[in-house]
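Secondary and tertiary structure notes
If you want the building blocks of each chain, they are given just below.
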Amino acid sequence: MLPGIGPVNAIAVLFPIVYTLEVPPATVMILFAGIYYGSQYGNSISSILLNVPGTSAAAVTTIDGYAMAKKGLGGKALAMSAIASFIGGTLSIFFLAFFAPKLAELAINFGPAEYTVLMVFAFIALSSFSQGSLPKAIISAFLGLAIAAIGIDSTTGVSRLTFGMMELYDGIDFIVVVIGFFAVSEILIMLGQKEGKQSQMQPLTSLWITFKEITESLATSLRSCFSGFLIGVLPGAGGTIASFIAYATEKKILRPNQFGSGDIRGVAAPESANNSASVGSFIPLLILGVPGSETTAVMLGGLISFGIKPGPLLLETSPDVFWGLAASMFIGNLFLIILNLPLVGLFAKILQTPRWILMSLITMLCVVGAYTINGSEFDVLLILIFGLVGYFLRRADFPLAPLILGVVLGDLIETNFRRAMIYSGGDIVIFFESNICLTLWVLALVSLFAPTLINSIQKKVHSQ
Amino acid sequence: MKSWGEGGADRLSAFIILGFGLAYGYAGKFIQVGFYNGDIGPHHWIFMVASVLVLLGFGLVLRPTQHQFEMENWEDWRMRLPLVGVIIIYSVILPYTGFLGAMIVMMIVVAKLFGANWKQATLCSVTLSLLCLLLFDHLLGISLGRGLWLK
């Protein structure tokens, strides 16, 4: 909800606490998933009342949401956002429960070569969908792999790039990297921003929404939920693209409309789509072990830290994680709509918290979070180093999501790559032999060109 | 505000990536390798990652994307450097002063940097530090660093 903070930072600062408390993995996943899809709704509050999207996924909501707020219909827009989020979030849970086991059956035939190609596909997809240039995204991913390689090699037990420092023997904890690159770099960026730049908050009006308005937006919510889920399943795509595509589709389908000047369906479409996409993104994460966004990449790292290996066998080895998560999403969505509507006034007030309180709190949680992982001051220094590097990478337009993916998947991709090479006697043809590998290469190629098409849709939305 | 020339920012970052890739690959040479490592040993992966970084860094030097960004405003670093300094000080004094002392010092500086006055900064830092200590150390049982006198 708070602009600039986002679910990644929330998860990053909370992770060390749950890790130290040895909370069961299923509970941790439920907590993180709640933050993730809860933030999709929370973002709409700042989008609608402040015209400042909390994350890029809520950017489209500002178009009609803020326009409605300026007309004195902010409460109505927030109510529709909650209802559409509920529809998108709830329906997509059924899709998740239906499609995930089917995909798991298919993925059971994966060997080291298939896993390696799958991870390459994930890197390509996430890099090509990241904002900025593709070479920079790939560099970012390889910087992540470079960080992940530090420490004891899991295959041979040889220490690598530790320079005799005991603190580096266990490698660099991914959460230290996440806190540094995301939270600390964000604090450094915010230090250069003047507080006076904040937009004027629109007053919160009545949340009352008519039955006619709900029925008029129902078809929009349902269509957007379906398209959002499909886009969410694709690694690298996610909420931002889902909301843009849903908005563009509805704008084309619904004639006449007032999209752009305060149409309530212009709020329903992106909100339903981004909630649905956030649920959909759990399919590649849990069934293939491939995260589709920076937030799910952090969740994957969390799961691995707890000894849970996401993949096709997850449904058999840890059914509590998968089905517990699915059930919690349903309950979570119900609570979101029950709690959010009456409490929206309070949430709007939180947006006005003085920056010095908020940033002091975040800085404290970052430092405390880094320290509690290993009880080491060295990790506090590391978040500072990564924060400074992250700041300059962000200034130079290097996307950070591929870097986090590199850190999280680094060990897995290296192990599978080396295993595949050992099986094949050093012949790289193994990565092109099976039908699964070939399909994944084709998907990787498609994902390379898909952003060009999606960009043209986004430009169309903005120009109209 | 001045901006870096077209592609200039990319070239600068590309040179840094290039240098990092070379250093990373060079450091990989010193990995102690056993007599058997299969077809690909622990050092090969390092060389592979370093090679890609060097290649892409070199590519970005030759063909920078048309990216321009505003030159770093060094005035802002008058705000950022105290933050960097205070985090370093926090990690250095934590083993001696313990969490409460180190955190109060750090939080006063952070709150001041974000625009609080002295009274607000002191109140905010003491309150938040105490709440944090109460929550983590006393309720959750997570040690935040006790300092010399409590060891």
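Rules used in this analysis
- Residues numbered from 1 in each chain as written.
- Chains lettered and ligands numbered in written order.
- Predicted model: local features only at pLDDT ≥ 70, side-chain atom pairs only at ≥ 80, totals over all residues.
- Helix = DSSP H or I, 4+ residues; strand = E, 2+ residues; numbered from the N terminus.
- Rg over C-alpha atoms; globule rule 2.2 N^0.38 Å.
- Contact = placed C-beta atoms within 7 Å.
- Buried ≥ 20, exposed ≤ 12 C-beta atoms within 10 Å, placed from the backbone.
- Domains from an automatic or database assignment.
- Core = buried A, V, L, I, M, F, W, Y, C linked by C-beta atoms within 7 Å.
- Nonpolar A, V, L, I, M, F, W, Y, C, P; charged D, E, K, R; others polar.
- Expected span 1.5 Å × (residues − 1).
- Bend = angle between axes of the 7 residues up to and from the residue.
- pLDDT = per-residue confidence, 0-100.
- Axes fitted to C-alpha atoms, helices over the stretch in contact; angles between N-to-C directions.
- Left-handed = near helix turned anticlockwise from the far one by under 90°.

It is worth spelling out the overall build of chain A at this point. A tally of helices and strands in chain A yields 19 helices and two strands. Expected size for 464 residues packed as a compact globule is a radius of gyration near 23 Å; at 22 Å, chain A falls within 12% of this value. Reported as C-alpha extents along the three principal axes, the dimensions of chain A are approximately 65 × 50 × 40 Å. If you take every contact in chain A between residues at least 6 apart in sequence, the share linking residues at least 24 apart comes to 79%.

Looking now at the overall build of chain B. When you go through chain B residue by residue, the secondary structure sums to four helices and zero strands. Along chain B, helices and strands appear, N-terminal first, in the series α-α-α-α. Across the 151 residues in chain B, those meeting the buried criterion constitute 32%. For chain B, long-range pairs separated by at least 24 residues make up 64% of all intrachain contacts whose partners lie at least 6 apart in sequence.

Turning to unusual backbone geometry, a few remarks are in order. All names here are of chain A. Even without glycine at this site, L161 takes up a positive phi of about 50°. Here L161 lies in the loop between β2 (159-160) and α7 (174-191). One non-glycine residue with positive phi stands out, namely D397, at about 70°. Structurally, the position occupied by D397 is in the loop between α16 (377-395) and α17 (401-424).

Right, let's get into the domain arrangement of chain B. In terms of domain boundaries, chain B breaks down into domain 1 (8-62) and domain 2 (77-140). Centre-to-centre separation of domain 1 of chain B and domain 2 of chain B, based on C-alpha positions: 39 Å.

Formed by 188 residues in total, the largest nonpolar core has its most connected members in A:A12, A:V178, A:I179 and A:I404. Here this core gets 15 residues from one element, more than from any other, and that element is helix α3 (residues 77-113) of chain B. Taken domain by domain, the makeup of this core includes at least three residues from each of domain 1 (8-62) and domain 2 (77-140) of chain B. Excluding residues that lie within four positions of it along the chain, A:V178 makes contacts with A:V8, A:A12, A:V298 and A:I404.

Further remarks concern the interface of chain A and chain B. Contacts between the two partners involve 46 residues from chain A, matched on the other side by 57 residues from chain B. Only α6 (134-148), α7, α15 (355-374), α16 and α17 of chain A provide two or more residues apiece to the side of chain A that touches chain B. Looking at the side of chain A that touches chain B residue by residue, the class counts come to 26 nonpolar, 11 polar and nine charged.

Residues and elements named next belong to chain B. With 37 residues, α3 should reach 54 Å at 1.5 Å per residue; the first-to-last C-alpha distance of 11 Å falls well below that figure. At G98, α3 shows its strongest bend, of approximately 130°. Just downstream of α3 lies G115, where phi reads positive at about 105°.

Turning our eyes to something else, we now look at the confidence of the model for chain B. Should pLDDT be low for a region, the predicted coordinates there are not to be read in detail. Residues and elements named next belong to chain B. Looking at chain B as a whole, its pLDDT mean stands at 83, while 84% of the residues score no less than 70. Model confidence for chain B, summarised as mean pLDDT per element, is weakest for helix α1 (residues 8-28) at 88 and strongest for α3 at 92. ipTM for the predicted complex: 0.90, alongside a pTM of 0.81.

What follows deals with the environment of B:I31. Looking at the element boundaries, B:I31 is found in the loop between α1 and α2 (42-62). The exposure class of B:I31 is buried, given the 21 C-beta atoms found within 10 Å. Along the chain, B:I31 and B:H44 lie 13 residues apart, while their C-alpha atoms are 10.0 Å from each other. For B:I31, the contacting residues outside a window of four places in its chain are A:V158, A:R160, B:P42, B:H43 and B:I46.

All names here are of chain A. For the pair helix α8 (residues 211-233) and helix α9 (residues 239-253), interaxial distance at closest approach is 9 Å and the crossing angle is 140°. Every pair of crossing elements has a handedness; the one defined by α8 and α9 is right-handed. Taking contact as the criterion, the partners of T220, R223, S224, S227, G228, I231 and G232 in α8 are, on α9, I241, A242, I245, A246, T249 and E250. Per-class residue counts for the contact of α8 with α9 are five nonpolar, six polar and two charged.

All names here are of chain A. Running from N to C, helix α1 (residues 6-20) and α15 cross one another at 35°; their axes reach a closest spacing of 8 Å. Crossing geometry of α1 relative to α15 is assigned as left-handed. Contact with α1, carried on its side by V13, P16, I17, Y19 and T20, involves L365, C366, G369, T372 and I373 of α15 and no other residues of that element. For the contact of α1 with α15, the per-class residue count stands at seven nonpolar, three polar and no charged.

All names here are of chain B. Along the polypeptide, G25 turns up in helix α1. G25 sits in the partly exposed class, given 18 other C-beta atoms within 10 Å. In this structure, G25 is in contact with I46, F47, A50, S51 and V54, ignoring residues within four places of it in sequence.

Here we take up the environment of A:V176. Residues and elements named next belong to chain A. With respect to the helices, strands and loops of the structure, V176 is situated in helix α7. For the pair V176 and C366, spaced 190 residues apart in the sequence, the C-alpha separation amounts to 9.1 Å. Here V176 is in contact with A370, I373, D379, L382 and I383, once residues within four sequence places are set aside.

On to helix α4 (residues 118-140) of chain B. The terminal C-alpha atoms of α4(B), which comprises 23 residues, lie 31 Å apart, in line with the 33 Å expected from a rise of 1.5 Å per residue. When we look at burial in α4(B), the residues that qualify are B:A121, B:C124, B:S125, B:L128, B:S129, B:C132 and B:F136. For α4(B), the elements touching its buried residues are α15 of chain A together with α3 of chain B. Phi turns positive, to about 70°, at B:G141, one or two residues after α4(B).

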